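These are the residues of each chain, in order.
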Amino acid sequence: MRAHADPAVLLPIDGLPALLAALGRDGYRCIGPAVEKGAIVMRELDGNDALPRGLQAEQGPGHYRLVADPHNRYFAWANGPQALKPLFFAPQETLWRAGRGDDGALRFEAVLPEAPKLAVIGARACDLAALALQDAHFLRPERVDAHYAARRARLFLVAVQCAVPAATCFCGSTGDGPVPTAGYDITLAELPEGFVAHAGSDAGRALLATLDLAPATPRQLDAVQVQGEAAAAAQARALPGKDLHDALMRRLDHPRWDEVAMRCLACGNCTAVCPTCFCHAEFDQPALDGASSTHQRVWDSCFGESHGHLHGFNVRPDIRTRYRQWLTHKLAGWHAQFGRSGCTGCGRCIAWCPVGIDLTGEVAALMAEQP
Ligand code: SF4
Ligand code: SF4
């Protein structure tokens, strides 16, 4: 079954510079994949040469390594450590500033971020699903987060269908990938001769129209469908269901929580790389002269000791309760908050956990025994 409503066109394999140039003419700064310190990260592109080609990302529990792609593709790498999250929910930023005016009165001033038009090249299906969840949190009508909204409003998303999922990927079992089906302006599927492209928004349609591309052929559309099905079939990890709320809540006293606590370092890497985690802390940073201060927001993690402090005691005093909070909030609590699990199957928490704790393995161990 083909997922896209718009007709497909073919961007030639050497056509990415034309796509980037068209985005540049529309005033977008292009953010895309680049190799940095042995990993593929998303950063501002300075031309087509910056796009990594001929690389795959070999991933496993606590393991990430770039290796050669025998087919020299642009997008044969699965996701890197960064999701889209840092582009909209900044790791640290100033929310407001306070200071005294000449009359000595205190004044408070909102500090909104600079929000240039951004085009992101190479977003994967799991990250589009995660972005929709971040939207549900930061853009809820009763409390729109002005900082997130300012960045999010000027975004153009070029998605890419995954052809080579990592061994850590399990988006097929969460229902979020590997084929992008929503949330993009343009989506690309890479074939040897070029990229089969679909528009998903008016902005995407308008941009593709400027490139004067030929329609994709039925053979190319079939190849894209086969590629998506093969990528889904290649995923070896899975969660045992899309809604684990009741099953997990029945297992809050399971001995596995003690077992995983023996291995977990409470470092918070999993929450930092997770594209859907949105916990943050806030603090005031006074200027050295004492005349003003800024109010900062910084990413926080449920693995931190201070995260569970409430009125003089800690509701999560040990790693057992913190790991349990992470897993049960992500896979159970989110159903009540957002109507779905908070996991989109990107596998980052598995690859970037320094001791290789595997969320799918922990869930399997919890489910193996009846409580
Ligand atoms: S819980 Fe892990 S696999 Fe799921 S979305 Fe977060 S980082 Fe990805
Ligand atoms: S599960 Fe792994 S990444 Fe997460 S806090 Fe524990 S040791 Fe760190």
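Basis of the calculations
Residues numbered from 1 in each chain as written. Chains lettered and ligands numbered in written order. Predicted model: local features only at pLDDT ≥ 70, side-chain atom pairs only at ≥ 80, totals over all residues. Heavy atoms only, no water. 1 Å grid on protein atoms, 1.4 Å probe; cavity = no way out; pocket = protein on both sides within 12 Å on 5 of 7 lines; lining within 4 Å. Points joined across faces, edges and corners; volume = space filled by probe spheres on them. Patch = residues over 30% accessible without salt bridge, like charges linked within 9 Å, V, L, I, M, F, W, Y side chains within 5 Å. Areas by Shrake-Rupley, 256 points an atom, 1.4 Å probe, with all protein chains shown as cover. Salt bridge = Lys/Arg side-chain N within 4 Å of Asp/Glu carboxyl O. Helix = DSSP H or I, 4+ residues; strand = E, 2+ residues; numbered from the N terminus. Pairing = 2+ DSSP bridges. Near = heavy atom within 4 Å. Nonpolar A, V, L, I, M, F, W, Y, C, P; charged D, E, K, R; others polar. Phe/Tyr/Trp six-rings, centres within 6.5 Å; stacked < 30°, edge-to-face > 60°. Buried < 20%, exposed > 50% of the residue type's maximum accessible area, 1.4 Å probe, protein only. Polar contact = N/O pair within 3.5 Å; in protein donor to acceptor, adjacent residues only side chain to side chain. Axes fitted to C-alpha atoms, helices over the stretch in contact; angles between N-to-C directions. Contact = heavy atoms within 4.5 Å. Parallel < 35°, antiparallel > 145°, perpendicular 65-115°, else oblique. Bend = angle between axes of the 7 residues up to and from the residue. Domains from an automatic or database assignment. Buried area = accessible area lost by both parts, 1.4 Å probe.

## Details of the layout of surface pockets
Item 1. What the second largest pocket holds in volume is close to 170 Å³.
Item 2. Taken together, A125, L128, A129, A132, G175, D176, G177, V179, P180, T181, A182 and G183 make up the lining of the second largest pocket.

## Brief notes about a nonpolar patch on the surface
Item 1. Side chains of W96, L106 and F108 sit close together on the surface and give an oily, nonpolar patch of about 320 Å² of accessible area.
Item 2. Among the structural elements, L106 can be located in strand β7 (residues 106–110).

## Some thoughts on the sheet that holds strand β3 (residues 39–44)
Item 1. Within the open sheet, the eight strands sit side by side as β3-β2-β8-β9-β10-β11-β1-β12. Their pairing is mixed. Two strands bound the open sheet, and with one partner strand each, they are β3 and β12 (214–215).
Item 2. Alignment of strand β10 (residues 186–191) against strand β11 (residues 194–199), held across six bridges, turns out to be antiparallel. Paired with E190 across the bridge in β11 is F195.

## Regarding the site of ligand 1
Item 1. Neighbouring ligand 1 are F170, C274, P275, W326, K330, C343, T344, G345, C346, G347, C349 and L359.
Item 2. Across the shell around ligand 1, the residue classes tally to eight nonpolar, three polar and one charged.

## Description of the packing of aromatic side chains
Item 1. Enumeration over the complete set of coordinates arrives at 17 aromatic pairs.
Item 2. Taking 5.0 Å as the distance between ring centres and 35° as the angle between the ring planes, the aromatic pair formed by Y64 and W352 counts as tilted. Taken together, the residues Y64 in strand β5 (residues 63–68) and W352 in the loop between α12 (348–351) and α13 (359–368) connect sequence positions 288 residues apart.
Item 3. Note on Y64: relative accessible area 15%, which makes it buried.

## Regarding the site of ligand 2
Item 1. Around ligand 2, a shell composed of 13 residues is seen, among which C264, L265, C267, C270 and C353 lie nearest.
Item 2. The residue makeup of the shell around ligand 2, split by class, is eleven nonpolar, two polar and no charged.

## Brief notes about the pattern of salt bridges
Item 1. By the definition in use, this model includes 21 salt bridges.
Item 2. For D69, the salt bridge is made with R73, and the minimal N-O distance between the two is 2.8 Å.
Item 3. Relative accessible area serves as the criterion here: at 5%, D69 is assigned to the buried category.
Item 4. We note a salt bridge from R256 to E362, for which the minimum N-O separation is 2.9 Å. Of this pair, R256 sits in helix α9 (residues 256–263) while E362 sits in helix α13, and the two are 106 residues apart along the sequence.
Item 5. Judged by its relative accessible area of 24%, R256 is partly exposed.
Item 6. Ionic contacts of the salt-bridge type, sharing partners, join the residues E93, D145, R151 and R297 into one network.

## Describing the side chain of R251
Item 1. Structurally, R251 is set in the loop between α8 (245–249) and α9.
Item 2. Within the local environment of R251, its side chain forms a polar contact with the backbone oxygen of L366, the two atoms lying 2.8 Å apart.

## Digging into the sheet that holds β7
Item 1. On the basis of which strands lie adjacent, the open sheet formed by four strands has the order β7-β6-β14-β13 and antiparallel pairing. The open sheet terminates on both sides in strands that have one partner only, identified here as β7 and β13 (280–286). Neighbour-to-neighbour, the strand axes of this sheet turn through a mean angle of 20°, independent of strand direction.

## Considerations on α13
Item 1. Counting buried positions over the ten residues of α13 gives seven, a clear majority of the element.
Item 2. Those residues of α13 not exposed but buried are L359, T360, E362, V363, A365, L366 and M367.
Item 3. Where α13 is buried, its residues contact α8, α9, α11 (319–338) and α12.

## Notes on the pairing of strand β4 (residues 55–60)
Item 1. Burial analysis of β4 places five of its six residues in the buried class, which makes it a mostly covered element.
Item 2. In this structure, the hairpin formed by β4 and β5 is closed by a connection of two residues, where G62 is found at a positive phi of approximately 65°.

## Topic: the packing of α9 against α11
Item 1. Between α9 and α11, the shortest axis-to-axis distance is 8 Å and the interhelical angle comes to 105°. In terms of orientation, α9 and α11 fall into the roughly perpendicular class. Taken together, the residues of α11 that come into contact with α9 (itself represented by W257, D258, V260 and A261) are I319, R320, Y323, R324, L327 and T328.

## Considering α11
Item 1. Where α11 bends most, at H329, the angle is about 50°.
Item 2. By the criterion of burial, α11 is predominantly enclosed, with 14 of the 20 residues buried.

## Some thoughts on the domain arrangement of the protein chain
Item 1. The assigned domain composition of the protein chain is domain 1 (9–233) and domain 2 (245–368).
Item 2. In this structure, domain 1 and domain 2 have C-alpha centres spaced 25 Å apart.
Item 3. Taken together, the contact between domain 1 and domain 2 spans 43 residues of the former and 41 residues of the latter.
Item 4. Note on domain 1 versus domain 2: buried area summed over both sides is about 3,300 Å², and carbon and sulfur give 58% of it.
Item 5. There are four salt bridges connecting domain 1 and domain 2.
Item 6. A salt bridge links R297 to D145, with the nearest nitrogen and oxygen atoms 2.6 Å apart.
Item 7. Counting the contacts that link domain 1 with domain 2 gives 28 residue pairs in polar contact (both at pLDDT 80 or more).
Item 8. Grouping the constituent residues of the side of domain 1 that touches domain 2 by class yields 21 nonpolar, 15 polar and seven charged.

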